[in-house]
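Here is what each chain is made of, one letter per residue.
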Amino acid sequence: MPIPFTPEYFEQMTPGDISDIESMRKRFFSEGYLYLPGFLDKQDVFDVREEYFKMFDPVIFRQGTSPRQGLFSGKFQFSPYRHGLPGHPASQFVASPVFDQFTRSEKLQQLAQSLMQEEVSLLQRRPIRHFYDNTGVASCAHADFTYLNQGTQKVLSIWIPLGDVPLEGGGLVYLKGTNDADSDALRIKLNKFKRPDKDERPITADLKALADTTGTPWMYTDYKAGDVILHTPFIIHASLDCNHELMRLSTDIRFASVKEDHDPRWASNWRGDDGY
Ligand SMILES: O=C(O)CCC(=O)C(=O)O
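Just so it is clear, the model here is predicted, and its values are computed rather than measured.

Engineer: Break down the layout of surface pockets for me, citing the residues and quoting the values.
Structural biologist: Of the voids in this model, the largest pocket is the one considered here, and its volume is about 800 Å³. Elements with a minimum of two residues in the lining of the largest pocket: β4 (128-131) and β10 (248-257). Of the residues forming the lining of the largest pocket, the biggest block, four residues, is contributed by β4. Of the residues contributing to the lining of the largest pocket, the split by class is 14 nonpolar, six polar and ten charged. The computed volume of the second largest pocket comes to approximately 440 Å³. Lining the second largest pocket are 20 residues, and of these Ala 143, Thr 146, Ala 181, Leu 190 and Arg 195 sit closest to its centre. Residues of the lining of the second largest pocket, tallied by class, amount to ten nonpolar, six polar and four charged.

Spelled out as structure tokens, the structure:
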């Protein structure tokens, strides 16, 4: 379902500034997300992008462009529906030293720790998402906790675009005012959405209908390489369709309190068919 780009449906996020960590903590736990532009070194992010795309046949890159740019030629090597299945580069990449080093950076760990104000550890399951222009493949509206509800609620997610992700490139968007998981009002509104019996976890792919139902817009930004965005396990978010020649590449990683048990399904490397 198309969603119009109007103030009724979209509102631009305000960047956070971690030099004032106390007010950022308050904002994070009340709004459910915190956008930190330029938090990581841009070149480090492009290095990871390049290493990932180098695993693909050059047929997927626009002629005369490099894997570091990641511009889509319009020709597939793997169907977007086979993403991360055995034999697909994404499933090997999540086990690579490059990816491991990048996601285990001290800077990300410290960031999670300072917002959670306790010792945290990185969950091993770290998905790679790779969407292509004009395929309609994107992430449905959901809250993370639905996917990791067999362990602590003290989890913080960090979404990291691995390259620039302009609005039309399929960035992550957050539904304003939906961080309160215990709100009956929100639950009643969400019950309006009939979920398929085979998987009740995603709320809907119809972002317009969801915004109409809650009466609140989606918070968006034009992401650049180096930006990160943090979110709680409860806020509703989704990704927009990729309608851009830049291939939409990202990872999302999670830190959880070391004092509580973690969902055991998140203890191994991500695979495209692991069901979570
Ligand atoms: O990258 C995406 O499309 C989805 C990411 C996501 O849902 C998350 O980071 O929790």
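That was the structure; now back to the text.
Engineer: How would you summarise the site of the ligand if you had to cite specific residues and measurements?
Structural biologist: Inspection of the region around the ligand gives 14 residues, with Ser 139, Trp 159, His 237, Arg 248 and Arg 254 positioned closest. Taking Ser 239, its side chain carries an N or O atom lying 3.1 Å from an oxygen atom of the ligand. Comparing atom positions with the cavity grids shows the ligand to sit within the largest cavity. Contributions of two or more residues to the shell around the ligand are made by β4, β9 (237-239) and β10. Tallying contributions element by element places β10 first for the shell around the ligand, with four residues. Here the shell around the ligand is built from residues that sort into three nonpolar, six polar and five charged.

Engineer: Outline the side chain of His 83, listing residues and values.
Structural biologist: On the secondary structure map, His 83 appears in the loop between α2 (42-53) and α3 (89-93). Those residues in contact with His 83 that sit more than four places away from it in its chain are Tyr 52, His 88, Ala 90, Ile 128, Arg 129, His 130, Trp 270 and Gly 272.

Engineer: So what's going on with the pattern of salt bridges? Which residues, and what values?
Structural biologist: All chains considered together, the criterion is met by 19 salt bridges. Close ionic contact of Arg 254 with Asp 144 constitutes a salt bridge, the shortest N to O distance being 3.0 Å. On the criterion of sequence distance, the pair formed by Arg 254 in strand β10 and Asp 144 in the loop between β4 and β5 (155-161) is long-range, its members being 110 residues apart. Of the two residues examined, Arg 254 and Asp 144, each falls in the buried class. Overlapping salt bridges bring together Glu 118, Lys 154, Lys 259 and Glu 260 as one network.

Engineer: Kindly report on the sheet that holds β9, identifying the contributing residues and their values.
Structural biologist: Pairing in this open sheet of four strands is mixed, and the strands run β1-β7-β6-β9 from one edge to the other. At either margin of the open sheet sits one strand with a lone partner, and together these are β1 (10-12) and β9. Strand-to-strand twist of the sheet, defined as the mean angle between neighbouring strand axes without regard to direction, takes the value 35°. The pairing of strand β6 (residues 172-175) with β9 spans three bridges and is antiparallel. By the bridge assignment for β9, Leu 172 is matched with Ser 239. Of the strands in this sheet, β6, β7 (218-220) and β9 are in contact with helix α7 (residues 207-214), which crosses β6 at around 25°.

Engineer: Can you break down the state of the cysteines residue by residue, with the values?
Structural biologist: By the definition in use, this model includes zero disulfides. Cys 140 provides the cysteine sulfur closest to Cys 242, a residue in no disulfide bond, and the two sulfurs are 16 Å apart. Take Cys 242: its relative accessible area is 1%, and that puts it in the buried class.

Engineer: Now, about the nonpolar core: what can you tell me, with residues and values included?
Structural biologist: By size, the foremost hydrophobic cluster in this structure holds 41 residues, and its most contacted members are Leu 108, Ile 128, Ile 158, Ile 160, Val 228 and Leu 230. Core analysis: the second largest hydrophobic core is formed by 18 residues, Leu 175, Leu 186, Ala 211 and Trp 218 among them.

Engineer: Tell me about the pairing of strand β8 (residues 228-231), residues and numbers included.
Structural biologist: Of the two faces of β8, the one holding Val 228 and Leu 230 and the one holding Ile 229 and His 231 are both buried throughout. Bridging between strand β2 (residues 33-36) and β8 involves four bridges; their strand directions are antiparallel. Within β8, the residue paired with Leu 36 across the bridge is Val 228. Note that β5 and β8 share three bridges and pair antiparallel. Opposite Ser 157, over in β8, you have His 231 as the bridge partner.

What counts and what doesn't
Sequence order sets the numbering: in each chain, residues are counted from 1 along the sequence as written. Side-chain atom pairs in this predicted model are given and counted only at pLDDT of 80 or more, local residue features only at pLDDT of at least 70, and totals for whole chains, interfaces and linings cover all residues. By convention in this description, side-chain values take in all heavy atoms of the structure and omit both hydrogens and water. Each cavity reported here is a set of points on a 1 Å grid over the protein atoms alone in which a 1.4 Å probe fits but cannot get out, each pocket an open set with protein on both sides within 12 Å along at least five of seven lines, and each lining residue one with an atom within 4 Å of a point. Grid points are joined across faces, edges and corners, and a volume is the space filled by probe spheres set on the points. Here a helix means four or more residues in a row that DSSP labels H or I, a strand means two or more in a row labelled E, and each is numbered from the N terminus. Charged residues are taken to be Asp, Glu, Lys and Arg, nonpolar residues to be Ala, Val, Leu, Ile, Met, Phe, Trp, Tyr, Cys and Pro, and polar residues to be all remaining types, Gly included. The criterion for a residue being near a molecule or strand is simple. One of its heavy atoms has to lie within 4 Å of it. Under the rule applied, a polar contact is a pair of N or O atoms within 3.5 Å (in protein, one hydrogen donor and one hydrogen acceptor; residues adjacent in sequence only if both atoms are side-chain atoms). Any molecule with more than half of its atoms within 2 Å of a cavity's or pocket's grid points is counted as sitting in it. In what follows, residue pairs with any heavy atoms lying within 4.5 Å of each other are defined as contacts. By definition here, a salt bridge exists when the distance from a side-chain nitrogen of Lys or Arg to a carboxyl oxygen of Asp or Glu is within 4 Å. Burial status follows relative accessibility: with a 1.4 Å probe on protein chains alone, a residue under 20% of its type maximum counts as buried, one over 50% as exposed, and anything between as partly exposed. When DSSP finds two or more bridges between a pair of strands, those strands are recorded as paired. Only the stretch in contact is used when a helix axis is fitted, and all axes are lines through C-alpha atoms; the angle between N-to-C directions ranges over 0 to 180 degrees. Two cysteine sulfur atoms form a disulfide, by the criterion used here, when they sit within 2.5 Å. What we call a nonpolar core is a set of buried Ala, Val, Leu, Ile, Met, Phe, Trp, Tyr and Cys residues that are connected through their side-chain atoms within 4.5 Å.

Purely geometric stuff here, so don't read any function into it on its own.
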